[in-house]
Amino acid sequence: MMRFMKPHWRKYLGARAPRYTSFPSALHFDEQVTAVDFAARLREISLYEPLSIYVHVPFCRQMCWYCGCSMRVENDYARALRYVDALLLEVSRIGEILNGSGQPLSVHFGGGTPNYLQVDEIARILGAIESSLGLTDSTKLAIELDPRLIRGSDVARLAMLGFGRISIGVQDFDPDVQAAINRIQSFELVENAVGEMRGAGVNDISFDLLFGLPKQTPASFRDTMEKTIALAPDRVAIFGYAHLPAALPRQRLIEESTLPSSDIRIELSELADAMMIAAGYRRIGFDHYAKPDNALARADREGRLRRNFQGFTDDIAETTIAVGASAISEIEGLYAQNAKDLGEYYDRLGRGELATARGLAPSPRERIIGAAIRDLLCRFETEISAVLARVSPHEANAICGRLDALEADGVIEWRGDLIAITEGAGPLARIVAMALDPYENPVCGMTNRPFARAI
Ligand code: SF4
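Parameters at a glance
- Residues numbered from 1 in each chain as written.
- Predicted model: local features only at pLDDT ≥ 70, side-chain atom pairs only at ≥ 80, totals over all residues.
- Helix = DSSP H or I, 4+ residues; strand = E, 2+ residues; numbered from the N terminus.
- Buried ≥ 20, exposed ≤ 12 C-beta atoms within 10 Å, placed from the backbone.
- Contact = placed C-beta atoms within 7 Å.
- Expected span 1.5 Å × (residues − 1).
- Arc of directions from axis to C-beta.
- Pairing = 2+ DSSP bridges.
- Near = placed C-beta within 6 Å.
- Nonpolar A, V, L, I, M, F, W, Y, C, P; charged D, E, K, R; others polar.
- Domains from an automatic or database assignment.

### Some thoughts on the overall build of the protein
Next up, step 1: Helix and strand content of the protein: 14 helices and 21 strands.
Next up, step 2: Its C-alpha atoms give the protein principal-axis dimensions of roughly 55 × 50 × 40 Å.
Next up, step 3: Within the protein, the proportion of its 455 residues that are buried is 45%.
Next up, step 4: For the protein, the share of sequence-separated contacts (at least 6 apart) that also reach a separation of at least 24 residues comes to 74%.

Below is the structure:
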């Protein structure tokens, strides 16, 4: 599928669309879902049910001004140790409820900055997961690392613990861009980190890049892409930066006048796409790339690509158990999010409860729409008749009207019971998904929610 945008698709580029790592999105979560509900669903997990375990580490050494994550800058390591103790308690409490049920296929440490923690602490958390939830030799371990915080033998020790997949936040290599986002990390730093990973036998290295950052130009981003390709990561995620200072006050530190225009954003996106494809990477979904022999590319080829709270994944587990402040678990028919505030997270655990503070139990209709949205994002097509059969005639008419408008613009085509995103329109996949979403204005409307830009 060629990626280049047709001129008349540019009108969609001002629209903001949810990332759809869940449906309905976390913005619709409320306090009706409690720790009691989450515990009840945990008890229903069967003996061999595949599990994906997510561990959230909210601490960072310094704040990147573009950041949209749930994080806090922390300078007192004693507070991190307290957090680790709470994580251990949470893991053991979940383990008591599961009582041996479920099989973790993967454990992912995300943040924040997981390597804000020393490797000893990461090993303690992993040990707790092993004793309470069970790990096998085939459980895949992944971790996000800030290259600025990698110390001495960290990478080798993480590899010894079994981490076979490491993601690095790169964003951009240009010094001016890095200064404008308050994230200074030299190319040599990243190059050394990649060298250490390869030397330690880590064979799945992932980079995160951002386009649309302040001071980015096509020339500077070409240089970032050339450097990226030279380091040959196995996967690359290239996200569009969403500047939402009203919702994310830290982004007010970014000088708006230095942000690239919509036209330049498109150029940056197309440039990155063309360079990744020319370098032999496979396009995955609408914002990921992988080497053809990478597990993510294999999953895509074999129709097994999935989307969860970490983005596109080859993980087949449909159940995610997430620990740590703000972490979101997903068990069929329930999203359960832990307290975001650290004090509240500690209080809930201290009272002998799970840390769930809010969530959502999607209705049958929402689950069908959610499945269709996932299909659109992962496979660029979906059986739309399944959705139309489950919504009211009024809603069905509204959805068809929005899809017809997208068809008239050549963004999708109807193929019997299916709708398919057309060649080149992959970057608009979230716009198409939004046409099915009863909570969003269709296609061109803006909402006041902190959504990411579609491109
Ligand atoms: S290191 Fe990551 S989580 Fe921390 S502030 Fe920067 S972007 Fe946000």
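### Quick look at helix α13 (residues 393-408)
Next up, step 1: The end-to-end C-alpha separation of α13 is 22 Å, in line with the 22 Å expected for 16 residues at 1.5 Å each.
Next up, step 2: Every buried residue of α13 is listed here: I399, L403 and L406. Buried positions in α13, seen along its axis, are confined to an arc of 50 degrees and lie on one side of it. Exposed positions of α13 whose direction lies more than 90 degrees from the buried face are P393, H394, N397, G401 and A408.
Next up, step 3: Its buried side turned inward, α13 meets α12 (384-388), β19 (412-415), β20 (418-421) and α14 (429-436).

### Overview of the pairing of strand β15 (residues 328-331)
It is a general feature of regular strands that their side chains alternate between the two faces of the sheet.
Next up, step 1: Every second residue of β15 is oriented toward a common face, with I328 and E330 on one face and S329 and I331 on the other, all of them buried.
Next up, step 2: Here four bridges tie β15 to strand β16 (residues 334-338), and the two strands are oriented antiparallel to one another. Across the sheet, the residue bridging to I328 is Q337, located in β16.

### What about the site of the ligand?
Next up, step 1: Around the ligand lies a shell formed by C60, M63, C64, C67, C69, M71, G111, G112, T113, D146 and G169.
Next up, step 2: Residues belonging to the shell around the ligand are distributed by class as follows: six nonpolar, four polar and one charged.

### With respect to the domain arrangement of the protein
Next up, step 1: When cut into domains, the protein gives domain 1 (1-23 + 363-455) and domain 2 (25-323).
Next up, step 2: On a C-alpha basis, the centroid separation for the pair domain 1 and domain 2 is 26 Å.
Next up, step 3: Contact with domain 1, which involves 22 residues of that partner, is made by 25 residues of domain 2.
Next up, step 4: Mapped by element, the contributors of at least two residues to the side of domain 1 that touches domain 2 are α11 (364-379), α14 and β21 (452-453).
Next up, step 5: In terms of residues, the side of domain 1 that touches domain 2 owes the most to one element, α11, which gives four residues.
Next up, step 6: In the side of domain 1 that touches domain 2, the residues fall into 13 nonpolar, three polar and six charged.

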